[in-house]
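# Breakdown of the fold
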Amino acid sequence: MSLALRLRLVCFFLCWGLAMQIWAGATAQNKKPAQNTVPLRAPDERYKVDILLVVAHPDDEGAATAYLARAMDEGKRVAVVYGTRGSSGANEVGAEQAAALGAIREIEARRALSQLGIAEVWFLDGKDTASQNVLQSLSNWNHGEALQQLVRLMRLTRPEVVLTFLPGTFIGEDHGDHQASGVLATEAFDMSGDPVAFPEQLAGATKRLEPLLDNLRPWQPKKLYYFADADKEGIFRGLGPAYSVTELSKSTKHAYWRIALDGFLAHETQSKAMAESLKGMSDAALEKLMTTEGYWSDSLRFVRGKSLVGGSATGDVFENVSGEPIAFSRPELAPERKGSELSVELGGPWSFYADFRRTHGLTHLPHPQPPEIALQVGTTLVIPLWVRNQTALPQEITLSAELPSGWAAESGAGKFSIGAKQTAAARMEVALPSSTDGAKKNEPQEITVHAESGGHAIGDVKLRVELRKRALPQ
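Computed from a predicted model, the values in this text were never measured in an experiment.

To continue, consider the pairing of strand S8 (residues 303-307). Counting buried residues in S8 gives 4 out of 5 residues, a clear majority hidden from the surface. The sheet contact formed by strand S5 (residues 223-227) and S8 spans 4 bridges and is antiparallel. Within the sheet, the bridge partner assigned to Tyr-226 lies in S8 and is Val-303.

Written as structure tokens, this is what we have:
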């Protein structure tokens, strides 16, 4: 073989080998992920919870603590949102009041929940409002701002189930702040999955360090449950699940009522006197006191407000619940009740709740008929009214009151005119007796406001009022 031919063959094989190496390298490169691929960040799993409890004040979590301990025994994750720091009221430990007391009660709340193993705790910065009027509480909490923050927290924590106070006016403690927490929780339940509700929370960053846009995702909770702030619980039975508080916790080996009690006693500014009174009591006497005499009954009952995943009303809170997201569900509006062209109806919180239940698909929730309230003796009952004239002419309305003996209408009775196609606010003020003498113990008294026009009755407004030695202001 000639030298020239040998050189040509050597060159051929060298070039062929080099080509194969290049091809093999290119093939391997194509199989490898690009070196500059950056994974996109997912939501922070540290704050994903199964249950979000929404209440008004530090210590209000006690209404559900016995169940929360049970749920955590079953591996559920829990977060708590307070509407206020509880800055008004008594201080059983020190001299601090107002904002300083609120700062202390925030710490007490965090300590109480840490005993249970709950670390995710937020406050909405609402102001403690000592009245029974939910509308005053919502105003004092800056309703829109509080709702925006609660929707943000629902989108952050992505709860499967929301627990809160039953929004309504019942004879009981009936604290307006308790009601407000239930109203906000219901509104946030219906809004957190809505892609056009507070859209700035859902927008991605436009700057490297974004100070305004949250980059959250919509989240639709699956179930909403309420607990009642009422004295008489009969109307709530059978409307939701019930859980024993006398069973032993799997993790602590203590009864669930005892876990709830220990949590409450961590709120020392509110529980020091109670703690002193319980010293020296036997376990049996303590259990009897806690479970049969006004603190916790033998069962903790909920009212099911909403389930977007089906199941029975009295089934377990987590029946049919999985961790998979579900689509946003806009509540179906119940048809608006049509009244007569000329009418009078009860206003204030009572008419608000009628509209609230209709708007949020909650017409099945229990509410007393006639409406009710408990007030302190010697105070004034204010009866807010809506007067509606849908006729084409101005009308004259006469208002009068039918009252129990010893009660007196101070203002609001008499004749009033209202223009055509108008709705106007009116009010009647009733002076309450200075004692409960003559009234049946714990029996509400019924009052009636009569409305007439042109000699014809156009409607009656009824209200049941229970007199008490002490009660929150109306």
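Summed over all chains, the structure comprises 20 salt bridges. Close ionic contact of Glu-160 with Lys-222 constitutes a salt bridge, the shortest N to O distance being 2.4 Å. Note that Glu-160 is positioned in the loop between helix H5 (143-157) and strand S4 (161-165) and Lys-222 in the loop between helix H6 (176-191) and S5, a separation of 62 residues in sequence. The same class applies to Glu-160 as to Lys-222, namely buried. Where Arg-388 meets Glu-345, a salt bridge forms, and the shortest distance between an N and an O atom there is 3.2 Å. Here Arg-388 is found in strand S11 (residues 380-389), whereas its partner Glu-345 is found in strand S9 (residues 342-346), with 43 residues between them in sequence. Taking the relative accessible area as the measure of exposure, Arg-388 reaches 26% and is therefore partly exposed. Residues participating in the shared-partner salt-bridge network are Arg-85, Glu-106, Arg-110 and Asp-125.

If you look at soluble globular proteins, the nonpolar side chains tend to sit buried side by side. With 42 residues, the main nonpolar core has Tyr-67, Leu-68, Leu-163 and Phe-302 as its most contacted residues. Looking at this core, the element that brings in the most residues is helix H7 (residues 256-265), giving 6 residues. Setting aside residues up to four positions removed in sequence, Phe-302 forms contacts with Tyr-67, Leu-163, Tyr-225, Tyr-226, Phe-227, Leu-239, Gly-240, Pro-241, Tyr-243 and Val-317. Val-134, Val-151, Ala-185 and Tyr-226 belong to the second largest nonpolar core, which has 36 residues in total.

What follows concerns the environment of Arg-152. Tracing the backbone shows Arg-152 in helix H5. Classification of Arg-152 by relative accessible area gives partly exposed; the value is 24%. For the pair Arg-152 and Phe-198, spaced 46 residues apart in sequence, the C-alpha separation works out to 8.5 Å. When residues no more than four places from it in sequence are discounted, the contact partners of Arg-152 are Gln-201, Asp-214 and Leu-216.

Rules and cut-offs
Residues numbered from 1 in each chain as written. Predicted model: local features only at pLDDT ≥ 70, side-chain atom pairs only at ≥ 80, totals over all residues. Heavy atoms only, no water. Buried < 20%, exposed > 50% of the residue type's maximum accessible area, 1.4 Å probe, protein only. Helix = DSSP H or I, 4+ residues; strand = E, 2+ residues; numbered from the N terminus. Pairing = 2+ DSSP bridges. Salt bridge = Lys/Arg side-chain N within 4 Å of Asp/Glu carboxyl O. Core = buried A, V, L, I, M, F, W, Y, C linked by side-chain atoms within 4.5 Å. Contact = heavy atoms within 4.5 Å.

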